[in-house]
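Listed below, chain by chain, are the residues.
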Amino acid sequence: MLTLADGVQLHVSVSGPKDASTTVVLSHGWCQDRRTWRHQIAALGEMGHKAPRVVAYDTRGHGRSSATRLRGATLAQLGDDMAEVVRRYAPSGPVILAGHSMGGMTIMEYAHRHPEEFASRVSGLLLVSTTAEGHTHTRYGLPPQLANVLRIGETVGAGLLARAGAWRPHRAVLPALRPALRWLLFGDECAEDAMLLTMRALGRAPLRSIGGFRESIGTQARLDTLAGLGDMPAAVLVGSRDRLTPPACAESIAGALPDADLTVVPGAGHMLPLERPREVSDALIKIVRRVSRQAKRDRRRIAAPGRAQKAA
């Protein structure tokens, strides 16, 4: 457990070699938990002696982390939390940040609020099914006018839920909501274990988390922050049938990052790490290898002057 300054405790899991030269930090989406990344954690572990250290944590108010106060249910706070996770669990060496949905937005807040620290520590990015423009492009797969009405209702409802505290009464009605969740979150294919894991995580999220983060998620605007990150290796993935963060979101992110690879996965929805795990894992492994090679070149460059002085 990592205890933050306001008393919130984050549940953090760490795997991989203790002496790994590179660390991957994984951040999950809204109303989900670190298990979203289970396929990617397994894939990274199969890299053998080249495997990175992997840090996955449950965001405050999610999973096995403790509840958050309402004033802490913001993306800005999540950016500060991520900074603390990096300081504690990856104090040295290159760091690769991977974020799904709200987790990607958390990365952007970390970059915005801690620019010097971010620039000195982060060497690669994986942004999956996320946005840097709030709900600008979100249409829920509906006609624009109907989507606007739904967004107004959702926003008002979120405000009420945010003040409902740490209750989880929605667990009882999740089975009835399954068809709607299946349509909203997944694309053409949906494995049973992926659907169950998604529903269990949602059932574990208290009403304050479901409603509290909605305002900052809807209003975030961080394209300028991304544009200032330079040419670090990055991959941006989105499903062609993503109804929450559609391809337009990924396209604008990739346009702001000069060294980003954009992949639109045909027929896939919003839950890409679970729905299309191989595509996400391959993209993450590619970044790990690029960052590791660069780190190795940097170490050789630093060591070269020392060898030259000894020879003299």
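Residues numbered from 1 in each chain as written. Predicted model: local features only at pLDDT ≥ 70, side-chain atom pairs only at ≥ 80, totals over all residues. Heavy atoms only, no water.

K.L.:
How do you make sense of the packing of aromatic side chains when you look at a structure like this?
P.N.:
Here the distance between the centres and the angle between the planes together describe a pair of aromatic rings. Scanning all chains against the criterion turns up 1 aromatic pair. Measuring from centroid to centroid gives 5.1 Å for Tyr110 and Phe118, while their planes differ by 70 degrees, and the two rings are edge-to-face. The residues Tyr110 and Phe118 share a single accessibility class, namely buried. (Phe/Tyr/Trp six-rings, centres within 6.5 Å; stacked < 30°, edge-to-face > 60°. Buried < 20%, exposed > 50% of the residue type's maximum accessible area, 1.4 Å probe, protein only.)

K.L.:
It is not clear to me how the nonpolar core should be interpreted in this structure. Could you clarify?
P.N.:
If you look at soluble globular proteins, the nonpolar side chains tend to sit buried side by side. By size, the foremost hydrophobic cluster in this structure holds 36 residues, and its most contacted members are Leu97, Phe118 and Leu125. Breaking this core down by element, the ones donating at least two residues are β5 (53-57), α2 (75-89), β6 (95-100), α3 (102-113), β7 (122-128), β8 (234-239) and α11 (247-256). Those residues within four positions of Phe118 in sequence are excluded, and the remaining contacts are Leu97, Ile107, Tyr110, Ala111, Leu125, Leu229 and Met232. Among the nonpolar cores identified, the runner-up in size contains 25 residues, and Leu44, Ala56, Leu284 and Val291 belong to it. (Core = buried A, V, L, I, M, F, W, Y, C linked by side-chain atoms within 4.5 Å. Helix = DSSP H or I, 4+ residues; strand = E, 2+ residues; numbered from the N terminus. Contact = heavy atoms within 4.5 Å.)

K.L.:
When you look at the environment of Gln294 in this model, what are you seeing that I'm missing?
P.N.:
With respect to the secondary-structure elements, Gln294 resides in helix α13 (residues 277-311). Note: C-alpha distance between Gln294 and Pro94 (200 residues apart in sequence) is 9.6 Å.

K.L.:
So what exactly am I meant to see when it comes to α11 here?
P.N.:
Count 3.6 residues to each turn of an α-helix, and residues three or four apart come out pointing the same way. Taking burial as the measure, the 10 residues of α11 include 7 buried ones, the bulk of the element. Of the residues making up α11, those classed as buried are Pro247, Cys249, Ala250, Ser252, Ile253, Ala254 and Ala256. The inward-facing, buried residues of α11 contact α3, β7, α10 (223-227), β8 and β9 (260-265).

K.L.:
Would you explain the sheet that holds β5 in this entry?
P.N.:
For sheets, the rule is that strands pair by backbone hydrogen bonds, running either parallel or antiparallel. The strand order across the open sheet built from 7 strands is β3-β5-β4-β6-β7-β8-β9, with neighbouring strands paired in mixed fashion. Of all strands in the sheet, those with a lone pairing partner are β3 (12-15) and β9, marking the two edges. In this sheet, neighbouring strand axes are inclined to one another by 15 degrees on average, regardless of whether the strands run parallel or antiparallel. (Pairing = 2+ DSSP bridges. Axes fitted to C-alpha atoms, helices over the stretch in contact; angles between N-to-C directions.)

K.L.:
In this structure, what is going on with unusual backbone geometry? I would like to understand it.
P.N.:
Trans is the prevailing form of peptide bonds, just as negative phi is the prevailing case for residues other than glycine. Even without a glycine there, the phi angle at Cys31 is positive, about 65 degrees. Structurally, Cys31 is set in the loop between β4 (23-27) and α1 (38-45). Notably, Ser101 is not glycine yet its phi reads approximately 55 degrees, a positive angle. Note on placement: Ser101 falls in the loop between β6 and α3. Given the relative accessible area of 14%, Ser101 is considered buried.

K.L.:
Sorry if this is basic, but what is going on with the packing of α2 against α3 here?
P.N.:
Each pair of packed helices can be described by the angle between their axes along with the distance between the axes. Look at α2 against α3: their axes get within 7 Å of each other, and the N-to-C directions meet at 80 degrees. Relative to α3, the element α2 lies roughly perpendicular. Note on element contacts: α3 touches α2 through Met102, Met105, Thr106, Ile107, Glu109, Tyr110 and Arg113, opposite Leu75, Ala76, Leu78, Gly79, Asp80, Met82, Ala83 and Val86. For the contact of α2 with α3, the residue count by class is 10 nonpolar, 2 polar and 3 charged. (Parallel < 35°, antiparallel > 145°, perpendicular 65-115°, else oblique. Nonpolar A, V, L, I, M, F, W, Y, C, P; charged D, E, K, R; others polar.)

K.L.:
What exactly am I supposed to notice about the environment of Ala42 here?
P.N.:
Along the polypeptide, Ala42 turns up in helix α1. For Ala42 and Ser281, which are 239 residues apart along the polypeptide, the C-alpha to C-alpha distance reads 9.1 Å.

K.L.:
Looking at this model, I keep getting lost on the layout of surface pockets. Mind explaining?
P.N.:
The computed volume of the second largest pocket comes to approximately 340 Å³. Looking at the second largest pocket, it is lined by 15 residues, and the ones nearest its centre are Ser21, His49, Lys50, Ser292 and Arg293. Looking at the lining of the second largest pocket residue by residue, the class counts come to 5 nonpolar, 4 polar and 6 charged. (1 Å grid on protein atoms, 1.4 Å probe; cavity = no way out; pocket = protein on both sides within 12 Å on 5 of 7 lines; lining within 4 Å. Points joined across faces, edges and corners; volume = space filled by probe spheres on them.)

K.L.:
Would you mind showing me how to read the pattern of salt bridges here?
P.N.:
Oppositely charged side chains can pair when the atoms bearing their charge come close. Applying the stated rule across the entire model yields 15 salt bridges. As a salt-bridge pair, Asp80 and Arg113 come within 2.8 Å of each other at their nearest N and O atoms. Of this pair, Asp80 sits in helix α2 while Arg113 sits in helix α3, and the two are 33 residues apart along the sequence. Residue Arg113 is classed as partly exposed on the basis of its relative accessible area of 40%. Across the salt bridge formed by Arg290 and Asp259, the nearest N and O atoms sit 2.9 Å from each other. Of this pair, Arg290 sits in helix α13 while Asp259 sits in the loop between α11 and β9, placing them 31 residues apart in sequence. Taking relative accessible area as the criterion, Asp259 reaches 24% and is therefore assigned partly exposed. (Salt bridge = Lys/Arg side-chain N within 4 Å of Asp/Glu carboxyl O.)

K.L.:
Explanation requested: the side chain of Ser252 in the structure shown.
P.N.:
With respect to the helices and strands, the residue Ser252 is situated in helix α11. Overall, Ser252 belongs to the buried group, its relative accessible area being 19%. There is a polar contact of 2.9 Å between the side chain of Ser252 and the backbone oxygen of Cys249. Each residue touching Ser252, except ones within four places of it in the same chain, is listed here: Glu133 and Leu223. (Polar contact = N/O pair within 3.5 Å; in protein donor to acceptor, adjacent residues only side chain to side chain.)

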